[in-house]
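As a plain string of letters, each chain reads:
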Amino acid sequence: MSSSAVEIQPIAEQKPQTGWQLRLALAACALAVVVVVLGAFTRLVGAGLGCPDWPGCYGHITWPDERHEIQKANSAFPDAPVDVSKTWPEMVHRYFAGALLLLVAVLTYLAWRRRGQRTFKQTLFLMALILLQAAFGMWTVTLKLWPQVVTAHLLGGMATLSMLWLIVERMRERRRYVPLHAFLALQKLRPLALLAAVAVVFQIALGGWTSANYAALACVDFPTCQGQWWPQADFREGFNIAQQIGPNYLGGALESDARTAIHFTHRLGALLVTLLVLCLAVLTWRAAARAWALVLVGAVLLQVGLGIANVVMFLPLPVAVAHNAGAALLLLVILTFCYHIQVTRPVNSIQVNSALTQTQ
């Protein structure tokens, strides 16, 4: 085995935890992905107000689907007639979100029983986060899709998924060992990796603001916007977070120039994120972590491709939902890379010689 292989591969790695608590956390993480995707689907099909009440739907545990139930619901909510094509996406999303809340509650209980575990504080924070997320889900309905709440709800979902994934990583208790020079090269990437993570979070917030204000199709050409490199836009109105709550925000309430400002800013954010992640990937490749470099490039290019497809294909539902899932994937990839840098440790010469001996 050559010395160059030692630079790339971990010399030693602790045995990952395989207990049922880890499997429960993995199930919760998978369920969080489903909830995020269902939330995007619900928003994109215009079902955010499919049920005008909360937590039920027109007073039902599921949703009214029989003729007499629909007539009764229409009488009780004359300003929000039943649309079955929108009630079921909203309630399915709520059911999955409720199941996720129960799973996190179980994880929190188990962590409380074993308060010495390394994930105890993170699990408590996760429980508080998901309760806040449930409140945002309620406010999304009661405040009639107010963009500030819709965007915060999206960020809360991404934060919940990210926290669950980091808890899974900590439960695995994996520790990677690399030669000292590779360790130092990775540590130098920490500031850029953190900057890329922050940029992705801001870009997700911009994406949520774009969707909540129905600005995804404010520019229907690419790479220009309305045939211009810098279109006429009203940034002040587009990013007025103090805008008043109207009777209903379904369909949006902003003028064309304000929506153009939001969409165009989201494009600029995508350009910044792409440059940051590609720069990080190049430096990661030079630090001999080539697998990570390829993963970073693949995740960001996939997301950029989905974003462009949304514009040129006029926001097809499958692509738009995939774009939301791609944002979650890109965020998890960068957060996992940051965690990878944190848990990597330098190996001494004795460990290197021992590893070389075992592989010969």
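Heads up: these notes are all about the structure in this document. Source: prediction; values computed, not measured.

What follows deals with the packing of helix α2 (residues 20-44) against helix α12 (residues 317-343). Two elements in contact, α2 and α12, have axes whose closest approach is 9 Å; the angle formed by their N-to-C orientations is 140°. By the angle class used here, α2 and α12 are oblique. Remark: the crossing between α2 and α12 carries right-handed chirality. The segment α2 lies against α12, with Val37, Ala40, Phe41, Arg43 and Leu44 engaging Leu317, Ala320, Val321, Asn324 and Ala325. Residue classes in the contact of α2 with α12 are distributed as eight nonpolar, one polar and one charged.

Residue Pro55 is bonded to the preceding Trp54 through a cis peptide linkage, with omega at 10°. Residue position: Pro55 is located in the loop between α2 and α3 (67-76). Following Phe222, the chain continues into Pro223 via a peptide bond in cis, with omega recorded as 10°. With respect to the helices, strands and loops of the structure, Pro223 is situated in the loop between α8 (190-212) and α9 (235-238). Phi angles above zero are rare outside glycine, and Phe314 is one such case at about 60°.

As a further point, take the packing of aromatic side chains. Tallying each qualifying case throughout the model produces seven aromatic pairs. Ring geometry for Tyr58 versus Phe77: centroids 5.3 Å apart, planes at 90°, classification edge-to-face. With Tyr58 in the loop between α2 and α3 and Phe77 in the loop between α3 and α4 (84-113), this residue pair connects regions lying 19 residues apart in the sequence. With a centroid separation of 6.4 Å and an interplanar angle of 40°, the aromatic rings of Trp230 and Phe235 are classed as tilted. Given a relative accessible area of 55%, Trp230 falls into the exposed group.

About the thresholds
Residues numbered from 1 in each chain as written. Predicted model: local features only at pLDDT ≥ 70, side-chain atom pairs only at ≥ 80, totals over all residues. Heavy atoms only, no water. Axes fitted to C-alpha atoms, helices over the stretch in contact; angles between N-to-C directions. Helix = DSSP H or I, 4+ residues; strand = E, 2+ residues; numbered from the N terminus. Parallel < 35°, antiparallel > 145°, perpendicular 65-115°, else oblique. Left-handed = near helix turned anticlockwise from the far one by under 90°. Contact = heavy atoms within 4.5 Å. Nonpolar A, V, L, I, M, F, W, Y, C, P; charged D, E, K, R; others polar. Phe/Tyr/Trp six-rings, centres within 6.5 Å; stacked < 30°, edge-to-face > 60°. Buried < 20%, exposed > 50% of the residue type's maximum accessible area, 1.4 Å probe, protein only.

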